[in-house]
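Listed here are the chains, written in short residue letters.
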Amino acid sequence: MVINLDMYQTLGLATFVLLAGAGLKKKVGFLEKFCIPAPVAGGLLYALLMYMLHSFGILEFNYDETLKNVCMVIFFTSVGFQANIKILKKGGTSLLIFLIIVITLVVSQNSVAIGLAKLIGVDMKVGLSTGSIPMVGGHGTAGAFGPILEDFGLKGATTLCTAAATFGLVAGSLMGGPVGQRLIKKHDLLSKIENEDATPLLNEEIKHQHKAANYATATYQLAIAMGLGTIISWLLSLTNMTFPVYIGAMIVAAVMRNIGEMSDKMTIYIGEINNLGGICLSLFLGIAMITLKLWQLADLALPLVLLLVGQTVLMFIFSYFIVFNLMGRDYDAAVLSAGVCGFGMGATPNAMANMQAVTDKYQPSIKAYILVPIIGSMFADFINSLVITMFINFI
């Protein structure tokens, strides 16, 4: 039996699954420890249930995904508002170097993914499904770019990307603490600690606080960026290249943010926009998770495992050698290496959990605790989307 759900019923079911995941996280320590998002926790159980019902020919749902796309655009528009050029200048050399490191990681993940896919004889789009889309991008970007890969003929791409993102969350969390601890002990870094003035970066964090009275204006700012973004997206479509539907809104949001920063004539309510984007991300993930079709993964199980092992090896080498050496070979660099394992294969909360595990054992690292959230929230998703778009058009 096939049941068709309209967009309101789809949203209601996704929200129920999201809330069920939130309740599950409170009872299962593993999910909380590894920062598994509530929509993912509940959504995977739901997807498994649907898999069994489909396998026995009992029941299947068709979903109206209209609101999934709306929530996706709102979330990525909020990401665009985080791109603050001014803070890059104030953050100094460390922030700029770390940004370059993240760009290099994004390019490396996609290059390794495509290279391994060619090596084991699978479609390069399958490889790209395990690159920076689910790794640096996490579940949000996986849900956004999966349908784009499906439009290019890769059946089950959203399921592939989501499965890879879930693996990345766990693997990145397991890897980060040991990497940081190994670097600290091997190089005796506790005896070489130096303090650095992080005032400009701390001031930026203050802007992410929020007030209830500002939510209406923040909503209007998101709506304006989304509306103007459609024009930018249309202009980009004239290049005959494929861009995600939200790219125009992200660009407009970034321009609005930086005009506000440089002219002081427009206040952008970053904290409120962050929260609105977070709510829409949860709803977007909820809808994305209930529409997973796990039976589409059966033929790709072994290639997927090989591709994910390749990404894990890359992440270890990158964090242990490249991040540590380029960020100064000191205690802060070791903590940053642990953090990069988290958001390089999952999300910023995983990065913070990794760093907390290291600093709780040794001592705080102001530099690491500021750099990772700023780059992770303000620039990583923005840059990742642009790089992924380039790779999709390349293959």
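What counts and how
Residues numbered from 1 in each chain as written. Predicted model: local features only at pLDDT ≥ 70, side-chain atom pairs only at ≥ 80, totals over all residues. Heavy atoms only, no water. Helix = DSSP H or I, 4+ residues; strand = E, 2+ residues; numbered from the N terminus. Rg over C-alpha atoms; globule rule 2.2 N^0.38 Å. Buried < 20%, exposed > 50% of the residue type's maximum accessible area, 1.4 Å probe, protein only. Contact = heavy atoms within 4.5 Å. Areas by Shrake-Rupley, 256 points an atom, 1.4 Å probe, with all protein chains shown as cover. Lys, Arg positive; Asp, Glu negative; His and termini not counted. Charge placed at Lys NZ, Arg CZ, Asp CG, Glu CD. Polar contact = N/O pair within 3.5 Å; in protein donor to acceptor, adjacent residues only side chain to side chain. Phe/Tyr/Trp six-rings, centres within 6.5 Å; stacked < 30°, edge-to-face > 60°. Salt bridge = Lys/Arg side-chain N within 4 Å of Asp/Glu carboxyl O.

## Here we look at the overall build of the protein
Consideration 1: Within the protein one finds 16 helices and two strands.
Consideration 2: Radius of gyration (C-alpha) of the protein: 21 Å, near the 21 Å computed for a compact globule of 395 residues.
Consideration 3: By its C-alpha atoms, the protein is 65 × 50 × 45 Å across when sized along the principal axes.
Consideration 4: Across the 395 residues in the protein, those meeting the buried criterion constitute 53%.
Consideration 5: Within the protein, residue pairs in contact and separated by at least 24 positions form 80% of the contacts whose partners lie at least 6 positions apart.
Consideration 6: Surface summary for the protein: the accessible area is close to 17,100 Å², and the carbon and sulfur share equals 66%.
Consideration 7: Computing the positive centroid from 23 side-chain charges and the negative centroid from 22, the protein places the two 5 Å apart.

## Considerations on the side chain of Thr291
Consideration 1: Mapping Thr291 onto the fold places it in the loop between helix 12 (270-290) and helix 13 (301-326).
Consideration 2: Looking at Thr291, its side chain comes within polar contact range of the main-chain oxygen of Ala288, at 2.9 Å.
Consideration 3: Once residues lying within four places of it in the same chain are set aside, the contact partners of Thr291 are Tyr63 and Glu65.

## Focus: the packing of aromatic side chains
The description of an aromatic ring pair rests on the distance of the ring centres and on the angle between the ring planes.
Consideration 1: In the structure shown here, the tally under the stated rule is seven aromatic pairs.
Consideration 2: Both rings, one in Phe76 and one in Tyr246, keep their centres 4.0 Å apart while their planes meet at 5 degrees; by these two values the pair is stacked. Here the residue Phe76 occupies a position in helix 4 (residues 66-80), and Tyr246 occupies one in the loop between helix 10 (215-237) and helix 11 (247-263), the gap between them amounting to 170 residues. Assigned by exposure class, Phe76 and Tyr246 land together as buried.
Consideration 3: Pairing Tyr320 with Phe321 gives two aromatic rings, centres 5.0 Å apart and planes at 70 degrees, and the pair type is edge-to-face.
Consideration 4: A relative accessible area of 8% means that Tyr320 is categorised as buried.
Consideration 5: By relative accessible area, Phe321 is classed as partly exposed at 44%.
Consideration 6: Members of the aromatic cluster, connected to one another through ring pairs, are Phe75, Phe76, Phe145 and Tyr246.

## Things to note about the pattern of salt bridges
Consideration 1: Scanning the entire structure with this criterion turns up three salt bridges.
Consideration 2: Its salt-bridge partner being Lys68, residue Glu65 comes within 2.8 Å of it at the nearest N-O pair.
Consideration 3: One salt bridge in this structure joins Asp123 and Lys125, with 3.2 Å as the shortest N-O distance.
Consideration 4: The class of Lys125 is buried, set by a relative accessible area of 17%.

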